[in-house]
Amino acid sequence: MVLKLKAEARNDITQSEIKQLRANGQVPGVVYGKKVGNTAIAIDTKELLQLLRRNPHAIIEMELPGGEKQPVMINELQRDKVSRTLLHVDFHQINMDEPVKTVVALEFVGEAKGAQEGGIVQVQLHELEIRCLPQHIPGSIRVDVSELGLGENLLVSHLSVPAEIEVKSDPNELVVTILAPQKEAVAEESAEQEAKGEVSAEKNGATADEVAAEETV
């Protein structure tokens, strides 16, 4: 998936100039690489947010100041800790003939057999680390959970990925598991508590009889 983004030149130096840039609806950033050096840029905030919603790990065809176009990827995003407002973005220019490391979203499909029996599908991993040529980066990797029963799980090593993609995540990392129904555990706990209550009542009843017998004497 290749997305497009236009970058403008920026010459701001002071914090007040950067603040004004953000107030004007732009995010300060930098793009670096063999063919672009280290170039300070500004990106339209709305366009960047739309791109992030679609796929933050996609290849981006960036139109640089001056009209030159280069393939880039987002390397780092800085956000305000409280408001989560975008503060700065780093891009790195890539070579389409060289493999890159990135992450790709996992897309879970199907209804697990265990879920049909009342189990709970618990997803532990949402993204997979991969390495491949830029043009082979998928929009997502499908994970079919339909055959998973109660207590069963899938590891990274169980995932099916195209041959041109090298998985970099730990092969033993848990991806998804099917937990036993909680209501059974709750029912067992209630039954246990009820049994304890009956035992306690029997003991109390015996004590009361003994007391009554003593009072009669």
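Everything discussed here concerns the structure shown above.
Residues numbered from 1 in each chain as written. Predicted model: local features only at pLDDT ≥ 70, side-chain atom pairs only at ≥ 80, totals over all residues. Heavy atoms only, no water.

1. Side note on the pattern of salt bridges
Put simply, the test is: Whenever a carboxyl oxygen of Asp or Glu lies within 4 Å of a side-chain nitrogen of Lys or Arg, that contact is scored as a salt bridge. Per-residue accessibility, obtained with a 1.4 Å probe over protein chains only, is compared with the maximum for each type, and a residue is labelled buried under 20%, exposed over 50%, and partly exposed between these values. In DSSP terms, a helix is any run of H or I states spanning at least four residues, a strand is any run of E spanning at least two, and both are numbered starting from the N terminus.
Overall, the coordinates contain 5 salt bridges when judged by the stated rule. Measuring nitrogen to oxygen at the nearest pair gives 4.0 Å for the salt bridge that ties Glu-61 to Lys-69. Residue classification places Glu-61 among the partly exposed residues on the basis of a relative accessible area of 28%. Here Glu-107 and Arg-142 are joined by a salt bridge, their closest N and O atoms 3.9 Å apart. Of this pair, Glu-107 sits in strand β7 (residues 100-109) while Arg-142 sits in strand β10 (residues 141-144), and the two are 35 residues apart along the sequence.

2. Notes on the pairing of strand β13 (residues 174-179)
The line we're drawing: One bridge is not enough; two strands pair if DSSP finds at least two bridges between them.
Where strand β8 (residues 120-123) lies against β13, 4 bridges are found, and the strand directions are antiparallel. Counted as the bridge partner of Val-121 is Ile-178 from β13.

3. Brief notes about the pairing of strand β5 (residues 69-79)
Both strand β4 (residues 59-63) and β5 contribute to a ladder of 4 bridges, which runs antiparallel. If you follow Met-62 over to β5, its bridge partner there is Gln-70. Between the end of β4 and the start of β5, which pair antiparallel, lie 5 residues, with Gly-66 showing a positive phi angle near 105°. Here β5 pairs with strand β6 (residues 86-93) via 7 bridges, running antiparallel. Bridged to Ile-74 within β6 is Phe-91. Linking β5 to β6, which pair antiparallel, is a turn of 6 residues; within it Arg-84 sits at a positive phi near 65°.

4. So, the nonpolar core
The following threshold applies: Residues belong to a common nonpolar core when they are buried Ala, Val, Leu, Ile, Met, Phe, Trp, Tyr or Cys residues joined through side-chain atoms within 4.5 Å. Residue ranges for the domains originate in an automatic or database domain assignment.
Counting residues in hydrophobic clusters, the biggest one holds 23 residues, and the most contacted among them are Leu-106, Leu-128, Leu-148 and Val-175. Contributing elements (two or more residues each) for this core: β7, β9 (127-132), β10 and β13. Residues lining this core come from more than one domain, with at least three contributed by each of domain 1 (3-95) and domain 2 (101-179). Counting residues in each nonpolar core, the second largest holds 20 residues, with Leu-52, Ala-58, Val-72 and Leu-86 among its members.

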